Amino acid sequence: MSKKEAVRSVDIISQTEELADKILVNKQELTVMDKRRQHNREALRVIEKSEEPKVWITVGSMLVKMKREQAIQLLKKDQQQIELQINLIYSEQKILVNKHRDVEFKSPFSGTNLKPLDRKEFGALKANLPML
């Protein structure tokens, strides 16, 4: 193995390791965000069931008493923000995985770019296939 090939091999290995580290960090972040989303969903459910006019809610590291409607609104906004962040991380994760596979000279995953059918496409499919 020549010196040039050795340098290229080390470069490929270092790129692979960097991408793998980013992928693992994203996985961990997805796990944290999903836990946060579940806790948020549970809190929203409990407050919606509650009949008290004011409820206690944590905002950052503070415990605040606020009107029930405000708390529900705040939790719903937070839930939307969490969903947005999770979707962004998923999108980035797909790109990183395909780059990682590209560096390893493997073909990209075929199922990562699938999108659901919209109503028009499903209606056209349903019209042409009587079994649906």
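Structural data are supplied above this passage.
Attention in this report is confined to the structure presented alongside it. (Residues numbered from 1 in each chain as written. Predicted model: local features only at pLDDT ≥ 70, side-chain atom pairs only at ≥ 80, totals over all residues. Heavy atoms only, no water.)

## Things to note about the overall build of the protein chain
Reasoning step 1: Each helix and strand counted, the protein chain has three helices and two strands in total.
Reasoning step 2: Tracing the protein chain from N to C terminus, the helices and strands come up as α-β-β-α-α.
Reasoning step 3: Radius of gyration (C-alpha) of the protein chain: 23 Å, far over the 14 Å computed for a compact globule of 132 residues.
Reasoning step 4: Across its three principal axes, the protein chain shows a C-alpha extent of roughly 75 × 55 × 15 Å.
Reasoning step 5: Restricting to contacts in the protein chain with at least 6 residues of sequence separation, those with at least 24 account for 57%.
Reasoning step 6: Considering the protein chain, the positive charge centre built from 25 side chains and the negative charge centre built from 19 side chains are found 4 Å apart. (Helix = DSSP H or I, 4+ residues; strand = E, 2+ residues; numbered from the N terminus. Rg over C-alpha atoms; globule rule 2.2 N^0.38 Å. Contact = heavy atoms within 4.5 Å. Lys, Arg positive; Asp, Glu negative; His and termini not counted. Charge placed at Lys NZ, Arg CZ, Asp CG, Glu CD.)

## Examining a nonpolar patch on the surface
Reasoning step 1: Together, L117, F122, L125, L129 and M131 line one region of the surface with nonpolar side chains, adding up to about 500 Å² of accessible area.
Reasoning step 2: Relative to the assigned elements, L117 resides in the loop between helix 2 (68-103) and helix 3 (119-128). (Patch = residues over 30% accessible without salt bridge, like charges linked within 9 Å, V, L, I, M, F, W, Y side chains within 5 Å. Areas by Shrake-Rupley, 256 points an atom, 1.4 Å probe, with all protein chains shown as cover. Salt bridge = Lys/Arg side-chain N within 4 Å of Asp/Glu carboxyl O.)

## Topic: the pairing of strand 1 (residues 54-59)
Reasoning step 1: As judged from the six bridges shared by strand 1 and strand 2 (residues 62-67), these two strands associate in the antiparallel manner. Counterpart to W56 in the pairing with strand 2 is K65.
Reasoning step 2: Between the end of strand 1 and the start of strand 2, which pair antiparallel, lie two residues, with G60 showing a positive phi angle near 70°. (Pairing = 2+ DSSP bridges.)

## Points about the side chain of N26
Reasoning step 1: Looking at where N26 falls in the secondary structure, it is placed in helix 1 (residues 3-49).
Reasoning step 2: Residue classification places N26 among the buried positions, given a relative accessible area of 6%.
Reasoning step 3: The residues contacting N26, other than those within four sequence positions of it, are I89, E92, Q93 and L96. (Buried < 20%, exposed > 50% of the residue type's maximum accessible area, 1.4 Å probe, protein only.)

## What to know about a negative patch on the surface
Reasoning step 1: A cluster of acidic residues, D11, E17, E18 and D21, forms a negative patch on the protein surface.
Reasoning step 2: One can find E18 in helix 1.

## Here's the deal with the environment of Q81
Reasoning step 1: Summarising the element assignment, Q81 is placed in helix 2.
Reasoning step 2: Among the residues examined, Q81 registers a relative accessible area of 42% and is labelled partly exposed.
Reasoning step 3: Note: C-alpha distance between Q81 and R37 (44 residues apart in sequence) is 9.6 Å.

## Considerations on the pattern of salt bridges
Reasoning step 1: What the rule picks out here adds up to four salt bridges.
Reasoning step 2: Ionic contacts of the salt-bridge type, sharing partners, join the residues D34, R37 and E83 into one network.

## Let's talk about the nonpolar core
Reasoning step 1: Counting residues in hydrophobic clusters, the biggest one holds eight residues: L44, I47, V55, I57, M66, A71, I72 and L75.
Reasoning step 2: When residues of this core are traced back to their parent elements, those giving at least two are helix 1, strand 1 and helix 2.
Reasoning step 3: Looking at this core, the element that brings in the most residues is helix 2, giving three residues.
Reasoning step 4: Every residue in contact with A71, bar those within four places of it in the chain, is listed here: I47, V55, I57 and M66. (Core = buried A, V, L, I, M, F, W, Y, C linked by side-chain atoms within 4.5 Å.)

## Describing the packing of helix 1 against helix 2
Reasoning step 1: Here helix 1 crosses helix 2 at 160°, and the two axes come no closer than 8 Å. Regarding the angle of helix 1 to helix 2, the classification is roughly antiparallel. Along this stretch, helix 1 crosses helix 2, giving a crossing that reads as left-handed.
Reasoning step 2: Looking at the contact of helix 1 with helix 2, its residues break down into 19 nonpolar, eight polar and 14 charged. (Axes fitted to C-alpha atoms, helices over the stretch in contact; angles between N-to-C directions. Parallel < 35°, antiparallel > 145°, perpendicular 65-115°, else oblique. Left-handed = near helix turned anticlockwise from the far one by under 90°. Nonpolar A, V, L, I, M, F, W, Y, C, P; charged D, E, K, R; others polar.)

In short, shape yes, function no, at least from these values alone.
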